[in-house]
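# Fold and contact review
The primary structure of each chain is shown beneath.
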Amino acid sequence: MISAFCVSTVFFLSYLIYHYRVGHVPFAGQGWIRPVYFTILISHTILAVVIVPMILVTLRRAWLEKFDKHRVIARWTLPLWFYVSVTGVIVYFMVYQIYVPQPPRSAPPASTRIAANPSF
């Protein structure tokens, strides 16, 4: 669990750095998939915020060997942590692999437009 916590922390820091440098990446999917995507994203985001204190309390109780109290919260922490992990991967695949955002189309250089249109 400590290893999972460390890996999750490193991932979260890399996520923050990436989005600080790149900015917002919009979801490019259209139609029925949009509400599916946003349902997954919203539940992922809310539970990602909720799970952090739960993880800290769960780890602290295990560290202090208060296993009876640890078990009470760990029954909720583990499945929620799995859900956040899996939905994070799903969101990633939906945004960056399945519905890849297209780069904006740039206009051709002015010299090409003038040469192609003899009315100028």
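The present account deals with the structure reproduced in this document. (Residues numbered from 1 in each chain as written. Predicted model: local features only at pLDDT ≥ 70, side-chain atom pairs only at ≥ 80, totals over all residues. Heavy atoms only, no water.)

## Let's talk about the overall build of the protein chain
What the protein chain contains, in helices and strands, is four helices and zero strands. The helix and strand sequence of the protein chain, counted from the amino end, reads α-α-α-α. By residue count, 18% of the 120 residues in the protein chain fall in the buried class. Here the contacts in the protein chain between residues at least 6 apart in sequence split such that 70% fall between residues at least 24 apart. Approximately 9400 Å² of the protein chain is accessible, and the part contributed by carbon and sulfur atoms is 71%. (Helix = DSSP H or I, 4+ residues; strand = E, 2+ residues; numbered from the N terminus. Buried < 20%, exposed > 50% of the residue type's maximum accessible area, 1.4 Å probe, protein only. Contact = heavy atoms within 4.5 Å. Areas by Shrake-Rupley, 256 points an atom, 1.4 Å probe, with all protein chains shown as cover.)

## Remarks on the packing of aromatic side chains
Between two aromatic rings, the relevant description is the distance of the centres plus the angle of the planes. Tallied over the entire structure, the rule returns eight aromatic pairs. Relative to phenylalanine 38, the ring of phenylalanine 27 has its centre 6.3 Å away and its plane inclined at 80 degrees; by these criteria the two rings are edge-to-face. Note that phenylalanine 27 is positioned in the loop between helix H1 (2–22) and helix H2 (33–63) and phenylalanine 38 in helix H2, a separation of 11 residues in sequence. Overall, the relative accessible area of 8% leaves phenylalanine 27 in the buried class. Take phenylalanine 38: its relative accessible area is 34%, and that puts it in the partly exposed class. (Phe/Tyr/Trp six-rings, centres within 6.5 Å; stacked < 30°, edge-to-face > 60°.)

## Quick notes on the environment of valine 95
Residue position: valine 95 is located in helix H3 (residues 67–98). With 68 residues separating them along the chain, valine 95 and phenylalanine 27 place their C-alpha atoms 5.6 Å apart. The residues touching valine 95, leaving out its near neighbours within four places in the chain, are Val25, Phe27, Tyr37, Val100 and Pro101.

## What to know about H3
Relative to the 46 Å expected for 32 residues at 1.5 Å per residue, H3 spans 43 Å between its end C-alpha atoms, a close match to the ideal helical length. Most pronounced at isoleucine 73, the bend in H3 amounts to some 40 degrees. Every buried residue belonging to H3 is among His70, Ile73, Ala74, Thr77, Trp81, Val84, Thr87, Val91, Met94 and Val95, and all of these are buried. As for H3, its buried residues are in contact with H1 and H2. (Expected span 1.5 Å × (residues − 1). Bend = angle between axes of the 7 residues up to and from the residue.)

## Regarding the side chain of threonine 58
Here threonine 58 is to be found in helix H2. Note on threonine 58: relative accessible area 7%, which makes it buried. Those residues in contact with threonine 58 that lie beyond four places of it in its chain are His70, Ile73, Ala74 and Thr77.

## Thoughts on the environment of leucine 78
Turning to its location among the elements, leucine 78 is positioned in helix H3. Counting along the chain gives 24 residues from leucine 78 to methionine 54, while the straight-line C-alpha distance between them is 9.4 Å.

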